[in-house]
Amino acid sequence: MCQRGFRILLFNSIPITSHFFASKHFRNSTISRFLCSSSSEDNLHGLVDPDFSVPESSRVESFLAEEFSFLRDSLLGAGSDTGDSMTESACGTCSNDAVLISDGIRSIGDGFGHKTQKFLRQFREKLNETLVVDVLSLVKNSEMGVKFFIWAGRQIGYAHTGPVYHALLQVLGCDGNGKIPEKFLREIRDDDKEILGKLLNVLIRRFCRNGQWNLALEELGRLKDFGYKPSRLTYNALVRVFVEADRLDTANLVHREMSGSGFKMDGYTLGCFVHSLCKAGRWRDALALIEKDEFKLDTVIYTQMISGLCEASLFEEAMDFLSRMRSSSCIPNVVTYRILLCGCLRKRQLGRCKRILSMMITEGCYPSRRIFNSLVHGYCRSGDYSYAYKLLKKMADCGCQPGYVVYNVLIGGICGSEKLPSLDALDLAEKAYGEMLDAGVVLNKVNVSNLARCLCGAGKFDKAYGIIHEMMSKGFIPDTSTYSKVIGFLCNASKVEKAFLLFGEMKSNHVVPDVFTYTVLIDNFCKAGLIEQARKWFDEMVRDGCAPNVVTYTALIHAYLKARKISSANELFEMMLSEGCIPNIVTYTALIDGHCKAGQIEKACQIYARMRGNADIPDVDMYFKIDDSNIRDPNIFTYGALVDGLCKAQKVKEARDLLDAMSVEDCEPNHIVYDALIDGFCKVGKLDEAQMVFTKMLERGYSPSVYTYSSLIDRLFKDKRLDLVLKVLSRMLENSCAPNVIIYTEMIDGLCKVGKTDEAYKLMSMMEEKGCHPNVVTYTAMIDGFGKAGKVDKCLELKRQMGAKGCAPNFVTYRVLINHCCAAGLLDDAYQLLDEMKQTYWPKHMSGYRKVIEGFNREFVISLGLLDEIAENVAVPIIPAYRILIDSFCKAGRLELALELHEEMSSCTSYSRADKKNLCSSLIESLSLAGKVDKAFELYGDMIKRGGIPELSILFYLVKGLIRINRWEEALQLSDCICQMDIHWVQVEETSINGNEFGKVPAP
């Protein structure tokens, strides 16, 4: 509470015990005042009124405050009705005497004449600053206010103070931009010249305090016109207002006039002036000003100058002033260092911050917790996480224990951006998190999600789980958003199994999944090929009343189409429309992309044509039941999907026409469209057209990406144009486009195919030196190259090398190794590889098998027969690997192992009748030629029992086998049986393990 308010409160709380009216006292008063010489002794204005008398009817001895309260209330009520008095709320803040005086001045109505002054005599002894200020605030009349101000100033024992001058100025309307009317100033001057000078000085300072320097200048002119001089306080106020207005030259002029009048600036004004001069880079002028005023520099002034220099980014000069302080025995204090530190921090001078912080701590001046928080935030923004973490230690050393804010700032700074932090930075976040737990501090919700995301991105899924559970033990309750984000992180990292488990935990904790949670799971499970589980979640969310949105429907429809389940996709699209969910451009783009991937290029083109406004295509009517052309205008992604689909279907001419159509529709192709078209032309061997698209791409301002160069290099290797490969690679390096593992692999495979395995191996070593690690496809291509060159020992060495470097061989790698080992006669090694493959890397599902061959060159996969195997087998095609080994063991005469493998293979559920017949034929032939006819007949009988139809060649081998061991009689009987068979033989071309030959099978 202010002093004045306290006085009013105290005054109102004390009962008035003195007489309100005492007429004798007023008549016999002998108080006198010396006025100007023009005043008569008999006419003491405002002190004695000889005509004053109190009517008999109104004479009373005394009124106590309680007795007078009813009269005061009635007066206030009457004043409110007539509008002549202040509102009740305003009066309630003023004293009783102030209310009586203001009411008396207004009610007497003689223009502050004799009667009014006579009425005021009773209050002369009570005059003080508070009472006068209250009366002026209640009068609200400029003329009456001035007259009361003049009357009060005449009274003995009372002198005007600053608040009174301000109250008068407010009555005169100077609280805004108003000027005091000239007549009031002259009236005050005529009464007391000194008071007018003080009033004008107060008025100037008032305008200065409000920042109204222009009005202050006007009043300064009037002050001088009336013959007065500004006071020291006024000069200081004028200097400050011009400094604050950044009018330093004007402030300098005022200071010059001030000095001429014999005044000097006070310390505060001087500090403001030199701060502004330093802020403007005029620190030499600041020093000259200090010298002129003969002011002794102290810590405060130095600190203000350093602050100004920091704001001007003159950090070298600021550090120089710090040195000046020391040399002049003026010790910097904690404020000096904090200003210097915060100034450097605001301007991101983080290197200087380290130096200043070190000096500060050395001298025992410690930053506040808030400054430490700002420093940690600043270094995190600059990416210097290591020093930001060290600040936590410094903070503790300064007796300021790290708390909730600084830990969240550090961890949020490391993990808050979309880009994953480095492993070193993530380790710091984990350390800070551990210290945070020890200190009993918790992460906020945002940072829990961000730290979990970064840990998932670094493969530390268990730690991410641990953080969520630890925060739960600290009272953190994961909501749907937190669970959804972490599930999304896991899905993006292809950890769908862990996402599945976390989703189950979410439901067990009674956290209700929302549409975002379900959509993230459905979308990512669809991308992983797990459509059935995705559909179960879709049905679950519909059952639980969580309405799927357009993204949910689109993800599942797209997955069904890619899996060639067209009817399921169409059924879901119909459901989408029936539920009032409007398909958008993403949905139609997914329809086009899905049909392309399902091999239905024509249907995809029809959808595109309908989107372009062609209504004469009834085959796709079901997708266009809602007439809204605005949501079906093809965008760049729509064109990209169709161009990619056409190129993959080798319809590159149509794709090229689509590129021209994009230009007509003002849809600028992006680098993805260009890459797809270049790749399409390269795949069909049209390098010239690919070069034209490449040139157009450059003209449009798109830089070729690693994928662009990959398509060109792959085609050039296939065409064996190695000279051009080197040119493309050189241009790629010139454009600062570093080859990735795909390009290195293509080059290694291409070199191996032309027999340059040594160069291929050198290239693989070089890619590792460049920090590009070979993947399983790279190693497999290199192994196949060594195998074809007859260097099987290098193949096995490379297989051991890839295992040591953490690159696991997959099914294709083993197939290649087994093939080459068998071809080189290393059957034991081949057998061991088969056993190792079954125990470790054999795909368990057909979808996994298909995933394994992704990334391998199509021609390479075809050369292994894998594409045909996938088409012919509904389960994993393990038979060909066995077949190779069985055939090789048969050729080597190791029939026991061949039979053992045959028995093992027979237990396989995917062992088809054709596979059994072929393998049995091979084994029967080998057993017969080896003289093991009984085992051959046993195998023949097993084949017949299983429904196999014998080839004529099998019977011939059995006859040969009987003859070979001199069992002629049985051989003749078997030959006779063959002749007696009433069957017709048809000639069928059959490819056997031994090569191409013609066999005979009986016609039914």
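As shown above, the structure is provided for reference.
Quick notes on the rules
- Residues numbered from 1 in each chain as written.
- Predicted model: local features only at pLDDT ≥ 70, side-chain atom pairs only at ≥ 80, totals over all residues.
- Heavy atoms only, no water.
- Helix = DSSP H or I, 4+ residues; strand = E, 2+ residues; numbered from the N terminus.
- Buried < 20%, exposed > 50% of the residue type's maximum accessible area, 1.4 Å probe, protein only.
- Contact = heavy atoms within 4.5 Å.
- Areas by Shrake-Rupley, 256 points an atom, 1.4 Å probe, with all protein chains shown as cover.
- Expected span 1.5 Å × (residues − 1).
- Phe/Tyr/Trp six-rings, centres within 6.5 Å; stacked < 30°, edge-to-face > 60°.
- Polar contact = N/O pair within 3.5 Å; in protein donor to acceptor, adjacent residues only side chain to side chain.
- Salt bridge = Lys/Arg side-chain N within 4 Å of Asp/Glu carboxyl O.
- Axes fitted to C-alpha atoms, helices over the stretch in contact; angles between N-to-C directions.
- Parallel < 35°, antiparallel > 145°, perpendicular 65-115°, else oblique.
- Left-handed = near helix turned anticlockwise from the far one by under 90°.
- Nonpolar A, V, L, I, M, F, W, Y, C, P; charged D, E, K, R; others polar.
- Core = buried A, V, L, I, M, F, W, Y, C linked by side-chain atoms within 4.5 Å.

Enquirer: Residues and numbers for the overall build of the chain, please.
Expert: For the chain, the helix and strand inventory stands at 55 helices and two strands. Residues counted as buried form 48% of the 1004 residues belonging to the chain. A separation threshold of at least 6 residues defines the contact pool for the chain, and within that pool the share at least 24 residues apart is 63%. For the chain, the computed accessible surface area is about 50,000 Å², with 52% contributed by carbon and sulfur atoms.

Enquirer: Tell me about helix 23 (residues 404-415), and please be specific about residues and values.
Expert: Here helix 23 is 12 residues long and its end C-alpha atoms lie 16 Å apart, about the 16 Å a rise of 1.5 Å per residue gives. Buried within helix 23 we find V406, Y407, N408, L410, I411, G412, I414 and C415. The elements touched by buried residues of helix 23 are helix 21 (369-382), helix 22 (385-397), helix 24 (423-438) and helix 25 (445-457).

Enquirer: Lay out the packing of aromatic side chains with the relevant residues and their values.
Expert: In the structure shown here, the tally under the stated rule is 17 aromatic pairs. Ring centres 5.1 Å apart and planes at 85° place the aromatic pair F573 and Y623 in the edge-to-face group. Taken together, the residues span a long stretch of sequence, with F573 in helix 32 (residues 566-578) and Y623 in the loop between helix 34 (601-611) and helix 35 (636-648) at a distance of 50 residues. When sorted by exposure, F573 lands in the same class as Y623, which is buried.

Enquirer: Got a sec to walk through the side chain of T234? Specific residues and values, please.
Expert: In this fold, T234 is placed in helix 13 (residues 232-244). Polar contacts involving the side chain of T234 include one to the side chain of S231, which spans 2.9 Å. Excluding its chain neighbours within four sequence positions, the residues that come into contact with T234 are N201, I204 and R205.

Enquirer: Any chance you could break down helix 40 (residues 722-734) for me, citing the residues and the numbers?
Expert: The terminal C-alpha atoms of helix 40, which comprises 13 residues, lie 19 Å apart, in line with the 18 Å expected from a rise of 1.5 Å per residue. Turning to helix 40, the residues buried within the fold contact helix 39 (706-718) and helix 41 (741-753). Trailing helix 40 by a residue or two, S736 shows a phi angle of about 60°, which is positive.

Enquirer: Would you mind going over the pattern of salt bridges in detail, with residue names and values included?
Expert: Following the criterion strictly, the structure yields 29 salt bridges and no others. Two residues, R282 and D285, come together in a salt bridge whose shortest N-O distance is 2.9 Å. Given the relative accessible area of 28%, R282 is considered partly exposed. Residue class for D285 comes out partly exposed when judged on its relative accessible area of 38%. The shortest N-O distance in the salt bridge between K463 and E430 comes to 2.7 Å. Taken together, the residues K463 in helix 26 (residues 461-473) and E430 in helix 24 connect sequence positions 33 residues apart. Relative accessible area serves as the criterion here: at 44%, K463 is assigned to the partly exposed category. By relative accessible area, E430 is classed as buried at 18%. If you follow the salt bridges from partner to partner, you end up with D427, E430, K460 and K463 in one network.

Enquirer: An account of the environment of V243 is needed here, citing residue identities and associated values.
Expert: Here V243 is to be found in helix 13. Among residues more than four places away in sequence, those in contact with V243 are L248, A251, C272, F273 and S276.

Enquirer: Can you tell me about the packing of helix 23 against helix 25, naming the residues and giving the values?
Expert: Relative to each other, helix 23 and helix 25 sit at 45°, their axes nearing to 9 Å. It follows from the interaxial angle that helix 23 and helix 25 lie oblique. Helix 25 is crossed by helix 23, and the crossing has left-handed handedness. When helix 23 is examined against helix 25, the residues N408, I411, G412 and C415 are found in contact with a partner set consisting of N447, N450, L451, R453 and C454. By residue class, the composition of the contact of helix 23 with helix 25 is four nonpolar, four polar and one charged.

Enquirer: Could you give an account of the packing of helix 37 (residues 671-683) against helix 38 (residues 687-699), naming the residues involved and the relevant values?
Expert: At a minimum axis distance of 8 Å, the contact between helix 37 and helix 38 shows a crossing angle of 165°. With respect to their mutual orientation, helix 37 and helix 38 come out roughly antiparallel. Crossing of helix 37 over helix 38 shows left-handed handedness. Residue-level contacts link H671, Y674, D675, L677, I678, F681 and C682 of helix 37 to L687, E689, A690, V693, F694, K696 and M697 of helix 38. In the contact of helix 37 with helix 38, the residues fall into 10 nonpolar, one polar and three charged.

Enquirer: How would you sum up the environment of R209? Please name residues and give values.
Expert: Looking at the secondary structure, you find R209 in helix 11 (residues 193-209). Residue R209 is classed as exposed on the basis of its relative accessible area of 55%. Along the backbone, R209 and L238 are 29 residues apart, and their C-alpha atoms lie at a distance of 9.0 Å.

Enquirer: Tell me about the nonpolar core, and please be specific about residues and values.
Expert: Counting residues in hydrophobic clusters, the biggest one holds 261 residues, and the most contacted among them are F148 and L451. Discounting chain neighbours no more than four positions away, the residues touching F148 are I101, I105, F112, L120, V132, V135 and L136. Counting residues in each nonpolar core, the second largest holds 15 residues, with L923, I924, V933 and Y940 among its members.

Enquirer: Which residues make up the environment of E317, and what values do they have?
Expert: Take E317: it is sitting in helix 18 (residues 315-327). Residue classification places E317 among the partly exposed positions, given a relative accessible area of 25%. Counting along the chain gives 36 residues from E317 to G281, while the straight-line C-alpha distance between them is 9.6 Å. Ignoring anything within four residues of it in the chain, the contact list for E317 reads W283 and L309.

Enquirer: Could you give an account of unusual backbone geometry, with specific residues and numbers?
Expert: One non-glycine residue with positive phi stands out, namely Q650, at about 65°. Examined against the element boundaries, Q650 turns out to sit in the loop between helix 35 and helix 36 (652-664). If you check the backbone angles, D666 has positive phi at about 60° while not being a glycine. Its location among the elements puts D666 in the loop between helix 36 and helix 37.

Note that every value here comes from positions in space, so none of it alone points to a role or purpose.
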